[in-house]
Amino acid sequence: MSGEKTLVTGATGFLGAHLVGELVRRLPAGTVRVFAQSRFTGPDASKVEVVSGSVTDPAAVERAVANVGQIYHLAGFVSRKPEDGARMYEVHVEGTRLLCAAAQKAGVRRILLASTSGTIAVADNENASLDESCDPPLALIGRWPYYASKYYQEETARRACDDKIDLVIVNPSLLLGPGDDRLSSTRDIVSFLARDIPMIPAGGLNFVDVRDVAAVLPIAMERGRNGERYLLGGTNWSFADFFGRLERLTKVSGPRLKSPKGKLAVIGAEAYNAALKVMGRAATLDPGAVDMANHHWYFESTKAKDEFGFVGRDPAETLHDTVSYIRSHILGRKPLVAGGRAAV
């Protein structure tokens, strides 16, 4: 409708910044509004309306949703630390409840919620065939505060929107690519480059290019079916394959030791940290992260491909651009050159 705004929460995040760029290119001038807790900067800052505040602040949320027709809800807090569980619940669950309630009063018609593939696509073994029809593995994700809070965020959004607002949920896997200045998704790449990963986890991951996810979100907003979820992923690789690719790309030697499986992996991480403490060094292994990395986060994005035409780019390009950005913007070194060789 004329004059209506499209709102993006979490616009200063890794995915949010890429999405804002997509929307500025696609939508009429002056119709994109961003809701951000920190200062919104970047090449698109002058092309959007900015509302400052947190999704946990009722007054700020009310200002943000005024005269809005659709919302991309990306605001979140990423942490592997158990002590951050309460904060993640506050942002993901209470913030989403507050946003949806305010959106109903403001007459918002449609919300796209960006969650994570980890609320459904994680299993003990690599042969699990996981898709959008699978039940959430609550026994697993209940051990990890971030994924538990995202699951409850999804359920909160469903109840809060009910039949008053159309709700589409997208579940991207690990986001890689350029632009992650906060290292919310690419911190493990930095750890690899710093040789801070001592063992190869027994599990495997799925990763997807942040630019591909940002490009498909406006399509999901337009075509996504009310009440449905859509897994957005790229490549399924074991961690052994993933580190091997990184080693060849970066010329940095990866870990050689293989992590034990199951509970032994967590016990091993705790023992490793204890040994470092004895030597007067800081712990480098997070037992919770080790536990997660010993599971398999595999799935296929068949539903999104069929309904949205979603296809991820070559994973080699994604890895190259991720490492190049980290080296040039985070570590202060020259980026990789074409062909995957380290610039010197």
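Before any of the text, the structure's been laid out above.
Notes on the structure in this doc start here. (Residues numbered from 1 in each chain as written. Predicted model: local features only at pLDDT ≥ 70, side-chain atom pairs only at ≥ 80, totals over all residues. Heavy atoms only, no water.)

### A closer look at the pairing of strand 11 (residues 235-238)
A regular strand carries its side chains on alternate faces of the sheet. Side chains T235 and W237 project from strand 11 onto a buried face, and the interleaved N236 and S238 project onto a face without burial. Examined bridge by bridge, strand 9 (residues 204-209) and strand 11 share 4 bridges and lie antiparallel to one another. Its bridge partner being in strand 11, N206 is matched across the sheet by N236. (Buried < 20%, exposed > 50% of the residue type's maximum accessible area, 1.4 Å probe, protein only. Helix = DSSP H or I, 4+ residues; strand = E, 2+ residues; numbered from the N terminus. Pairing = 2+ DSSP bridges.)

### A short note on unusual backbone geometry
One non-glycine residue, D162, lies in the positive phi region at around 45°. When you line up the elements, D162 lands in the loop between helix 5 (145-161) and strand 6 (166-172). Its identity is not glycine, yet R195 carries a phi of approximately 60°, on the positive side. Note that R195 resides in the loop between helix 6 (187-193) and strand 8 (199-200).

### Considerations on helix 2 (residues 58-65)
When helix 2 is considered as a whole, its buried residues turn out to be A60, V61, A64 and V65. For helix 2, the buried positions fall inside an angular range of 125° around the axis, keeping them on one side. N67 sits one or two positions beyond helix 2 and adopts a positive phi of about 60°. (Arc of directions from axis to C-beta.)

### A word on the packing of aromatic side chains
Counted by the stated rule, this structure contains 11 aromatic pairs. An aromatic cluster is present here, built from F192, F207, W237, F239, F242 and F243 joined pairwise through their rings. The lysine or arginine in question, K303, covers the ring of Y230, its NZ or CZ lying 4.7 Å from the ring centre. (Phe/Tyr/Trp six-rings, centres within 6.5 Å; stacked < 30°, edge-to-face > 60°. Lys NZ or Arg CZ within 6 Å of the ring centre and 35° of its normal.)

### Re the sheet that holds strand 9
Here 3 strands make up an open sheet; going across it, the order is 7-9-11 and the pairing mixed. Two strands bound the open sheet, and with one partner strand each, they are strand 7 (174-176) and strand 11. With direction set aside, neighbouring strand axes in the sheet form an average angle of 40°. Contacts from helix 7 (residues 210-223) reach strand 7 and strand 9, with the element oriented near 60° to strand 9. Sheet strands touched by helix 12 (residues 315-330): strand 7, strand 9 and strand 11. Its angle to strand 9, the strand with the most contacts, is close to 80°. (Axes fitted to C-alpha atoms, helices over the stretch in contact; angles between N-to-C directions. Contact = heavy atoms within 4.5 Å.)

### So, the pattern of salt bridges
Inspection of the entire model under this criterion finds 21 salt bridges. Between E22 and R25 there is a salt bridge, with its nearest N and O atoms 3.3 Å apart. Separated by 3 residues within a single helix, E22 and R25 lie in helix 1 (residues 14-26), roughly one turn from each other. According to the relative accessible area criterion, R25 is exposed, its value standing at 61%. (Salt bridge = Lys/Arg side-chain N within 4 Å of Asp/Glu carboxyl O.)

### Quick notes on the layout of surface pockets
If a probe the size of a water molecule is rolled over the atoms, the empty space left behind becomes visible. Put simply, the second largest pocket is a space of about 420 Å³. Looking at the second largest pocket, it is lined by 21 residues, and the ones nearest its centre are A202, K261, G262, N294 and H295. (1 Å grid on protein atoms, 1.4 Å probe; cavity = no way out; pocket = protein on both sides within 12 Å on 5 of 7 lines; lining within 4 Å. Points joined across faces, edges and corners; volume = space filled by probe spheres on them.)

### Some details on the pairing of strand 9
Within strand 9, 6 of the 6 residues are buried, which leaves the element mostly enclosed by the surrounding structure. Neither face of strand 9 is left uncovered, since the one carrying G204, N206 and V208 and the one carrying L205, F207 and D209 both have all their residues buried. Note: strand 7 against strand 9, 3 bridges, orientation parallel. By the bridge assignment for strand 9, L174 is matched with F207.

### Remarks on the nonpolar core
In this structure, L15, V20, Y72, L217 and L232 are the most contacted members of the largest nonpolar core, which totals 33 residues. Mapped onto this core, the elements with two or more residues apiece are helix 1, strand 2 (32-36), strand 5 (110-114), strand 6, helix 7, strand 10 (229-232) and helix 11 (302-308). For this core, the leading source of residues is helix 7, giving 8 residues. Look past the residues within four positions of L217 in its chain and what remains in contact with it is L15, L19, Y72, L112, V170 and L232. (Core = buried A, V, L, I, M, F, W, Y, C linked by side-chain atoms within 4.5 Å.)

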